[in-house]
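# A structural walkthrough
Chain residues, written in single-letter form:
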Amino acid sequence: MNAHDEDDLKRLLRQALPPVEGNARPGRDLWPDLLRRLDAEPAAPAFSGWAIFDGALLAGLVGLAAFFPAAIPVFLYYL
Amino acid sequence: MRNESSGVLIDFRQGSPETFESAFESLFHQHQRAVYSWILRIVRNSAAAEELTIESFWRIHQAHARFDPARGFEGWARRIATHAALDWLRAQRTQSELSMEVCAALAAPVEADPAITAEIRSKTALAFGRLPPKLRIAATLAVIEELPQKEVAAALGISVAAVKLRVFRALRLLRKDLERQGITP
């Protein structure tokens, strides 16, 4: 695809999907909805799913190192 | 959008519960329009953009401890909004992605080229909707909205070179899709 073809395709794309007004505003006040969302889903607890996942991964690595010590240099090599 | 006082940003980052909530409300009212219009440019659906604005500010509220006041609020909020919009694009089915706004826009594009029929525009829009969301979002911002690639890169959290690559891949896939439909741009 040469530069001319690319320009034609870009022009076609802009005809098909014209740019959106850059300074649009929402049709309603979103603050009350945001407050409802915050009430429904308060801040996530510190011990979240990611922390559990991280812990499981760490435990797996420790187990691997304990049962297969020969794997440690291989693991370090791929770090 | 950089005129918020540093006090508000610091309160948002590490204020007491009362000052934090006040700072968050202040930042919301100051930035909601910019966040909404940014998301609208990506998803091209006003109802979805409103929901995603709420989702973005909810994520901002949840992630306030990771905010760095020295780097400003706008870029950080825009990046969170971009990822919320990307998640939405991923969740959509290809054929149902075109909103009523887009269909209306198809009927009356700005300065329509008479050589390009409504059918070709429609097929092009549908083909564009079939692109992988990561490529589509880069092409939307860089090609359709004609934003500087540096700005697109910052919003997506990738390098300018990666933006160029995604746009190139998006255009190549779009061309192939159109050619399969007998359309040669």
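Residues numbered from 1 in each chain as written. Chains lettered and ligands numbered in written order. Predicted model: local features only at pLDDT ≥ 70, side-chain atom pairs only at ≥ 80, totals over all residues. Heavy atoms only, no water.

### Notes on the overall build of chain A
Our working definition: Put simply, DSSP H or I for four residues or longer makes a helix, DSSP E for two residues or longer makes a strand, and each gets a number counted from the N terminus. Each residue is assigned to one of three classes by its accessible area relative to the maximum for its type, calculated with a 1.4 Å probe on protein chains only: buried under 20%, partly exposed between the two thresholds, exposed over 50%. Surface accessibility in these figures is a Shrake-Rupley result with a 1.4 Å probe; residues are shielded only by whichever protein chains are displayed.
Across its full length, chain A holds four helices and zero strands. Counting every position in chain A, which comprises 79 residues, the buried fraction comes to 23%. Counting every atom, chain A has about 5700 Å² of accessible surface; 67% of that belongs to carbon and sulfur.

### Remarks on the domain arrangement of chain B
Bring the parts together and some accessible area is lost; that lost area is often taken as the interface size. All names here are of chain B. Note the threshold: Domain start and end points were adopted from an automatic or database domain assignment. Whether two residues are in contact is decided by their heavy atoms: any pair within 4.5 Å suffices. By definition here, a salt bridge exists when the distance from a side-chain nitrogen of Lys or Arg to a carboxyl oxygen of Asp or Glu is within 4 Å. Under this definition, polar contacts are N or O atom pairs within 3.5 Å; protein pairs additionally need one hydrogen-donor-capable and one acceptor-capable atom, and for neighbouring residues in sequence, both atoms have to be side-chain atoms.
Segmentation of chain B into domains returns domain 1 (6-92) and domain 2 (100-180). Taken over C-alpha atoms, the centre of domain 1 sits 25 Å from the centre of domain 2. On the side of domain 2, 16 residues touch domain 1, which itself brings 13 residues to the contact. In this assembly, domain 1 and domain 2 are joined by three salt bridges. Note that glutamate 151 is salt-bridged to arginine 78, the shortest N-O span being 2.7 Å. Seen at the junction of domain 1 and domain 2, the total is three residue pairs in polar contact (both at pLDDT 80 or more). Counting only elements with at least two residues in the side of domain 1 that touches domain 2, the list comes to helix H2 (17-43) and helix H4 (74-91). Looking at the side of domain 1 that touches domain 2 element by element, the count peaks at seven residues for H4.

### With respect to a nonpolar patch on the surface
Residues and elements named next belong to chain A. Stated formally: Distance thresholds for patches are 9 Å for like charges and 5 Å for nonpolar side chains (Val, Leu, Ile, Met, Phe, Trp, Tyr), applied to residues having over 30% relative accessible area and no salt bridge.
Where nonpolar side chains cluster on the molecular surface, the patch consists of Phe53, Leu57, Leu61, Leu64, Phe67, Phe68, Ile72, Phe75 and Leu76 and spans about 910 Å² of accessible area. Breaking the nonpolar patch down by element, the ones donating at least two residues are helix H3 (49-67) and helix H4 (71-77). It is H3 that provides the largest number of residues to the nonpolar patch, a total of five residues. Turning to its location among the elements, phenylalanine 68 is positioned in the loop between H3 and H4. Exposure remark for phenylalanine 68: the relative accessible area of 52% places this residue in the exposed category.

### As for the interface of chain A and chain B
Spelled out, the test is: Here the quantity called buried area is the accessible surface, traced with a 1.4 Å probe, that two parts lose on coming together, added over both.
With 33 residues of chain A in contact, the opposing surface of chain B contributes 44 residues. Overall, the association of chain A and chain B removes approximately 3800 Å² of surface from exposure, summing both partners, and the carbon and sulfur fraction of that is 67%. For the pair chain A and chain B, the number of links is four salt bridges. Here arginine 28 of chain A makes a salt bridge to glutamate 51 of chain B, at a shortest N to O gap of 3.0 Å.

### Comments concerning the nonpolar core
For clarity, the cut-off: Note on terminology: a nonpolar core comprises buried Ala, Val, Leu, Ile, Met, Phe, Trp, Tyr and Cys residues joined through side-chain atoms within 4.5 Å.
Ranked by internal contacts, the top residues of the largest apolar core, which has 68 residues, are Leu34 of chain A together with Phe12, Val43 and Phe73 of chain B. With 12 residues, H2 of chain B is the largest single contributor of residues to this core.

### Remarks on the pattern of salt bridges
Taken as a whole and assessed by the stated rule, the structure comprises 18 salt bridges over all chains. Across the pair glutamate 145 of chain B and arginine 44 of chain B runs a salt bridge, and its minimum N-O distance is 3.6 Å. Of this pair, glutamate 145 of chain B sits in the loop between helix H7 (133-144) and helix H8 (149-156) while arginine 44 of chain B sits in the loop between H2 and helix H3 (46-62), placing them 101 residues apart in sequence. Among the residues examined, arginine 44 of chain B registers a relative accessible area of 10% and is labelled buried. Salt bridges linked by common partners bring Arg28, Asp33 and Arg36 of chain A together with Glu50 and Glu51 of chain B together as one network.

### A look at the environment of aspartate 177 of chain B
Residue and element names in this part refer to chain B. Along the polypeptide, aspartate 177 turns up in helix H9 (residues 160-180). On a C-alpha basis, the gap between aspartate 177 and phenylalanine 12 in space is 47 Å, while along the polypeptide they are 165 residues apart. If we skip the residues at most four places from it in the chain, aspartate 177 touches Ala127 and Arg130. A distance of 3.0 Å separates a polar atom in the side chain of aspartate 177 from a polar atom in the side chain of arginine 130.

### Considering unusual backbone geometry
All names here are of chain B. Phi is positive for arginine 44, which is not a glycine, with a value near 55°. Of note, glutamate 146 is a non-glycine position whose phi angle comes to about 55°, a positive value. With respect to the element layout, glutamate 146 can be found in the loop between H7 and H8.

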